[in-house]
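Residue-level structure breakdown
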Amino acid sequence: AVVSTQSKQWYQRRVHGAEHFQHFQDAPSSPLCIGDLRPHIFKEPLVPFGPKEEVEIVRGKVKEMIKWTNWNSGGPFQTDGTFTVNGSISWEKKFCADCFWGKEDYSKDNRPTPAKLLRLSFHDCVPYLTGDGEVRGGCDGCINWSGMGHGYSGFPSNDPSYVVRDYAPVNKGDNNGLATTVAALEMLYTNKEWPLTAPALEQSLVETGKSRADLWQFAGIVALEVEIERANFACDYDYNVGNQVRLLESEEKCYFKLFKPSVFKFGRVDCIPDESKKVTDFPYEATEPESHPNNYGSAKHVVDHLKHDFNLTAREGISLMAAHATSPQFHNFRLPNKYQWPGNPYLSNMYFKYLAGTGMYRRYKGLKPRGAVSVGDPQGRPNMGTLWKVRCFSIWKSNMTENGWAGPCTWRPTNGGCNRPGEQRSKDCFDHFASDGTIVLKSGNKDKKKICETKDVQYDENRIQRYGNDEPSTAIQGCGHELTFALTYEVNLMNDFQLDEEFRPHGCNGSLDNMLWTKNSKETEAQWYRESTVNCPPNMEKYENGEALSEITVAFGEDHDVWNKAFLDGWEKMVENGYAEGELVAGPEYSWLGYSDIGSLESASYRLSSRITRKPTPPSLQMETWDL
C-alpha cells in the first residue's frame, strides 16, 4: 500500500478571532511503503482507513460506543440486541471472579469511556517480554488476559470484616478493566451495523482488510479529540473551579493546542495468539507475557520502564500521566481506591499543579468540582498548593513482619493552604446563579457567623471572590483533604522518599518512618490517616539534560503549553511503539488527530465543540449536563 505526502504548509489555529500559525514540513515528498520485517507472531499489515466517508462513520461509531447514556438502563445498547446471554458483551456478571459483588458489562466501571480508550492506546502498545528479559513487539490489537477481572473482595465496604486481608503485594500492572472496551471495539470491527445509533458501513472493517490494531489506535485518537474538546470548552465555561488554567496562567495558555499536525499512521498488524495458551476464545487475547511497569512502584521505576519499553524521554513519559485525570468517578475495586485522580475531570496540567504543589483556587473535595466563583485568600489570590497524606489499606499481607500488612498505599491531596504559616483561606460566600445571571450571596444558615455579610464580599469580572475589608491573620489553618487520590509513583515524581520491597514508603525526612505497619485494625489505620502531612525534599533523580523529576513536574505544573507539547510528542511515540521508521505510513489527512474539529489544514480553526451551538446559561454549569 502506498500513500502520497503533502508539501510544506502553514498550520493555522484560531481561538476567538486570534490566529496562530505554526510552520511545519511534512514527511518527504516521495511515497512511503509499508515495510515487511515483522515478528513471526504477527499477521501481515493490511490496508489504510478510508475513504473519507468510512473514516467519518467510524469516528461517529466510536463516539456512540463511548456515549454514557447508550449504556444506561433503558438506553439503546440495552434494547437493541447489543447484550446477549453468552456473547462477549452480555447481561451476566463476569470478568470479576474475585469481587465482593459481580460486575456487568454495562456497570459504570466496565463500560467503555474516553479514558479507557486512552488507556487502551497505551496498553495495546506495551511490548512482550522475551526469554532473555528483553522486549519486542508493540501495538498489535491484542492484550494479555493475566489479571483480568481481579478485584479485592469487599472493597470499598467500610466494614473491615468484608475485606480479605491476605492478598500478596502486586509487583506489575495488567490490562484489568479493559475487557468490555475491547469487546465493544470487536463488535464495531466485525459488525458493519453496530452501533445501531450511528450510520452503517457498507462492509465491516475486518471485511475491508483493516487491522484491529489500527482501529484501536484510531479509537484512541477519537477519545483524545473528545477530551481536548471538553478541556477547551472548560477554558471558556468551567474555569472558576474545574479547569483553572485560564485564571492561573492565561486564557490562551489554557487551550490544548495542536502545535503541528499529529499524523495518524496505519500499517499496524494484529498478533496471532497461541491457541494452546489462550484462556478465552477472543481473537484479541495476547498469549505472550507483557512488560508492564508496577503501578505501586517508584517514580524512577516507572520512568525508566517507559524509557526502556517505549523510548520515551522522562518529559514525554511523565506528560502522558495527565490522562489519569480523565478517568470517571467510581469505586475502583481493582487498585483498590475510591473516586478520581486529582485534576479531574479534564485533560490539562491541573493534574501537575497538584503534584507540584502549585497554588490554585479551592476545588472542595476535588470530585468533578464546580462552583459559581473562584475562592482563594481574602485578596482573591490563589492559595498555596496541596500537600499530601499517605494512606495504606491493610489488604496485602506482609511477608516482612509477623501478622503485619503491606498496603497497597495511595495518597490524598490536602486542601490548598493547609499548615502554611501566614496563609489565609476565605469562606465561599456565593451560592448560586440568579435568573438574571448575578450570583446570590450566602445568608442565614449558610452564613451563620455572618462572615459574608460583614466582609463586604465581592467578585470581579472573572468571578474571583474578594473580601472588601479584612484584617490579615497569620494563624495556621486546618488541613482537610480531598477525596481524590494519586498513586505512589506519581507523588514520588515531586517528593523524595524510598520504598521497601513491598512498596511501602519510607524516608521523607523521617515523616514516613514511624508508620504502623505491624498493626491490622480499622482503628490504627484511621489514627495513621489522621496524622499530619508528609514533608519531603524534592526528588532530584536526573534524566535528559540533567533535569530532575521534580523539575519536570514543576515545569508542567507552571506552564500548560510546556506540558501540552510534551504530551503530543509522547503520544506520537507511544502509538507507534514496536515499528521501525517507515513501517507505518501516514494516513489520509482526514484521519489525523483533530481533523473532526479543525477541518482542512488549509483553513483550520479549532472549534471548542462541534456540539455546542450556544453558550450555556450560568445555572447549567455542571459537567453532567454537557453533551460532549
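Residues Val-58, Ile-318 and Trp-571 are the most contacted members of the largest nonpolar core, which totals 108 residues. Per-element tally for this core: the top contributor is helix H4 (residues 212-237), with eleven residues. Residues within four places of Trp-571 in sequence aside, it is in contact with Leu-118, Ser-121, Gly-220, Ile-221, Leu-224 and Leu-320. Phe-430, Phe-433, Val-457 and Tyr-467 belong to the second-largest nonpolar core, a separate cluster that totals ten residues.

As a further point, take the state of the cysteines. By the definition in use, this model includes six disulfides. Between the sulfur of Cys-392 and that of Cys-409 lies a disulfide, 1.8 Å long from S to S. Across the S-S bond linking Cys-392 and Cys-409, the dihedral sits near 105°, which makes this disulfide right-handed. Of the two residues, Cys-392 sits in strand E12 (residues 388-397) while Cys-409 sits in strand E13 (residues 405-413), which places them 17 residues apart along the sequence. An identical accessibility class is assigned to Cys-392 and Cys-409; each is buried.

It is worth spelling out the packing of aromatic side chains at this point. With the rule as written, the count across this model stands at 19 aromatic pairs. Relative to Phe-264, the ring of Phe-218 has its centre 5.7 Å away and its plane inclined at 65°; by these criteria the two rings are edge-to-face. Here the residue Phe-218 occupies a position in helix H4, and Phe-264 occupies one in the loop between helix H6 (251-254) and strand E8 (265-266), the gap between them amounting to 46 residues. Like Phe-218, the residue Phe-264 is buried in the burial classification. With 5.1 Å between their ring centres and 25° between their planes, Trp-411 and Phe-497 make a pair best called stacked. Taken together, the positions of Trp-411 in strand E13 and Phe-497 in the loop between helix H11 (488-492) and strand E19 (498-499) put the pair 86 residues apart, joining distant regions of the chain. Residue classification places Trp-411 among the buried residues on the basis of a relative accessible area of 0%. Members of the aromatic cluster, connected to one another through ring pairs, are Trp-145, Trp-216, Phe-282 and Tyr-284. Directly above the aromatic system of Tyr-239 lies the positively charged group of Arg-246, at a separation of 4.4 Å from the ring centroid.

For the rest of this paragraph, the subject is the environment of Arg-59. Mapped onto the fold, Arg-59 is located in helix H1 (residues 52-65). Arg-59 gets classed as buried once you look at its relative accessible area, which sits at 2%. Arg-59 sits 532 residues away from Ser-591 along the chain, and the two C-alpha atoms are 9.0 Å apart. Side-chain polar atoms of Arg-59 contact the side chain of Glu-225, separated by 3.3 Å.

Turning to the sheet that holds E13, a few remarks are in order. Read from one edge to the other, the open sheet built from three strands follows the order E12-E13-E18, with strand pairing classed as antiparallel. At either end of the open sheet lies a strand with only one pairing partner, and these are E12 and strand E18 (486-487). Here seven bridges tie E12 to E13, and the two strands are oriented antiparallel to one another. Residue Trp-396 lies in a different strand from E13, and its bridge partner there is Gly-407.

Right, let's get into the pairing of E13. Burial analysis of E13 places nine of its nine residues in the buried class, which makes it a mostly covered element. Note: E13 against E18, two bridges, orientation antiparallel. Looking at E18, one finds that Trp-411 is bridged to Ala-486.

Conventions we followed
Residues numbered from 1 in each chain as written. Predicted model: local features only at pLDDT ≥ 70, side-chain atom pairs only at ≥ 80, totals over all residues. Heavy atoms only, no water. Core = buried A, V, L, I, M, F, W, Y, C linked by side-chain atoms within 4.5 Å. Buried < 20%, exposed > 50% of the residue type's maximum accessible area, 1.4 Å probe, protein only. Helix = DSSP H or I, 4+ residues; strand = E, 2+ residues; numbered from the N terminus. Contact = heavy atoms within 4.5 Å. Disulfide = S-S within 2.5 Å. Phe/Tyr/Trp six-rings, centres within 6.5 Å; stacked < 30°, edge-to-face > 60°. Lys NZ or Arg CZ within 6 Å of the ring centre and 35° of its normal. Polar contact = N/O pair within 3.5 Å; in protein donor to acceptor, adjacent residues only side chain to side chain. Pairing = 2+ DSSP bridges.

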